[in-house]
Each structure stands twice: as structure tokens, then as C-alpha cells.
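What the coordinates show
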Amino acid sequence: MSLQKKIIDRYRILFPKDNLRQISERTGIQLTRVYRLLNGKAMKTHEYEAIENVIKESIKVNPNYSRFENLFEQASETLTNHEIGEIADYIERKIENKKYARTYIYPVFEDAIIA
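Being a predicted model, the structure only gives us computed values, none of them experimental. (Residues numbered from 1 in each chain as written. Predicted model: local features only at pLDDT ≥ 70, side-chain atom pairs only at ≥ 80, totals over all residues. Heavy atoms only, no water.)

**Thoughts on the overall build of the protein chain**
Helices and strands together make up the secondary structure of the protein chain, namely six helices and zero strands. For the protein chain, the sequential pattern of α-helices and β-strands runs α-α-α-α-α-α. The buried share of the protein chain, taken over its 115 residues, is 18%. Within the protein chain, contacts between residues at least 6 apart in sequence are counted, and of these 44% link residues at least 24 apart. About 9,800 Å² of surface is accessible on the protein chain, with carbon and sulfur atoms providing 55% of the total. (Helix = DSSP H or I, 4+ residues; strand = E, 2+ residues; numbered from the N terminus. Buried < 20%, exposed > 50% of the residue type's maximum accessible area, 1.4 Å probe, protein only. Contact = heavy atoms within 4.5 Å. Areas by Shrake-Rupley, 256 points an atom, 1.4 Å probe, with all protein chains shown as cover.)

Written out as C-alpha cells, the structure reads:
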């Protein structure tokens, strides 16, 4: 997956209901350029930085993010490499589960009778 696709996907996770105009207003990127970027045009460095800054600011507002950063610093100072590895394994599993949940399509039962 390209870096551009990743950053656009991250933006869409944080702001799923934003339309082109809202993305343009948040990032400062011209409306027509936002349309082109979302349709696969190559992103310029300043556009990448603008979107990345919006993402970072949105994450920083979340109190759990600063808590996570604080715990990460404490863990790196006090835990053993094995313990840190266990935490990393847990985080990887959570991420994979989340990815799986987003891609799962619920089956449609056309023959089901609703009573």
C-alpha cells in the first residue's frame, strides 16, 4: 500500500463524513486538488504535510493518545524487552482484528423469514 493511500485512509477513519469541501477547509488544499488526490493523483510534499498535520492535531485532542504516549515512555524505562514484546504482540493483534472487522462483509440471507 502506498504512503498516499495510507494517509488518505487514516484521514477517512478520523473524518469519515467529510466531503471534498470540508477536507479542503481542514487541510488548506484547493477543492479541485482534493478531488484529484482522492482519485489517485500523486500527492505533493506540502499536501502530505497538510493532511498529516490535521491527523496529528485530531489525535492529540484525544486524551487517550497522551495517556498512551506517557505509558509508552514509562514502559520503555521500566519493562524488560520480553515484556515490551508481549505488549507489542497484543497491539499487533488488536490492529489486525480491527482491519479484519472493517473488511468483513455480513452475509445477506434473502430466504430468511422475519417473524
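**Regarding the packing of helix H1 (residues 3-14) against helix H4 (residues 45-61)**
Their axes nearest at 10 Å, the elements H1 and H4 cross at an angle of 35 degrees. Judged by the twist between their axes, the crossing of H1 over H4 is left-handed. In this structure, H1 contributes Leu3, Ile7, Arg10, Tyr11 and Leu14 to the contact, and H4 contributes Tyr48, Ile51, Glu52, Val54, Ile55, Ser58 and Ile59. A per-class count over the contact of H1 with H4 returns nine nonpolar, one polar and two charged. (Axes fitted to C-alpha atoms, helices over the stretch in contact; angles between N-to-C directions. Left-handed = near helix turned anticlockwise from the far one by under 90°. Nonpolar A, V, L, I, M, F, W, Y, C, P; charged D, E, K, R; others polar.)

**Digging into empty space enclosed by the protein**
Tallied over the entire structure, the rule returns one cavity of 30 Å³ or more. Each pocket or cavity is described by its volume, and for the largest cavity that value is around 70 Å³. Among the secondary structure elements, those contributing two or more residues to the lining of the largest cavity are H1, helix H2 (20-27) and helix H3 (31-38). It is H3 that provides the largest number of residues to the lining of the largest cavity, a total of three residues. Residue composition of the lining of the largest cavity, by class: seven nonpolar, one polar and no charged. (1 Å grid on protein atoms, 1.4 Å probe; cavity = no way out; pocket = protein on both sides within 12 Å on 5 of 7 lines; lining within 4 Å. Points joined across faces, edges and corners; volume = space filled by probe spheres on them.)

**Things to note about a negative patch on the surface**
Residues Glu83, Glu86, Asp89 and Glu92 make up a contiguous surface patch of negative charge. Here glutamate 86 is to be found in helix H6 (residues 81-103). (Patch = residues over 30% accessible without salt bridge, like charges linked within 9 Å, V, L, I, M, F, W, Y side chains within 5 Å. Salt bridge = Lys/Arg side-chain N within 4 Å of Asp/Glu carboxyl O. Lys, Arg positive; Asp, Glu negative; His and termini not counted. Charge placed at Lys NZ, Arg CZ, Asp CG, Glu CD.)

**Focus on the pattern of salt bridges**
Inspection of every chain in the model, using the stated rule, returns five salt bridges. Among the salt bridges present, the one from glutamate 52 reaches arginine 10, with a minimum N-O distance of 3.3 Å. In this pair, glutamate 52 sits in helix H4 while arginine 10 sits in helix H1, placing the two residues 42 residues apart along the sequence. Judged by its relative accessible area of 35%, arginine 10 is partly exposed. Arginine 26 is the salt-bridge partner of aspartate 18, the closest N and O atoms lying 2.7 Å from each other.

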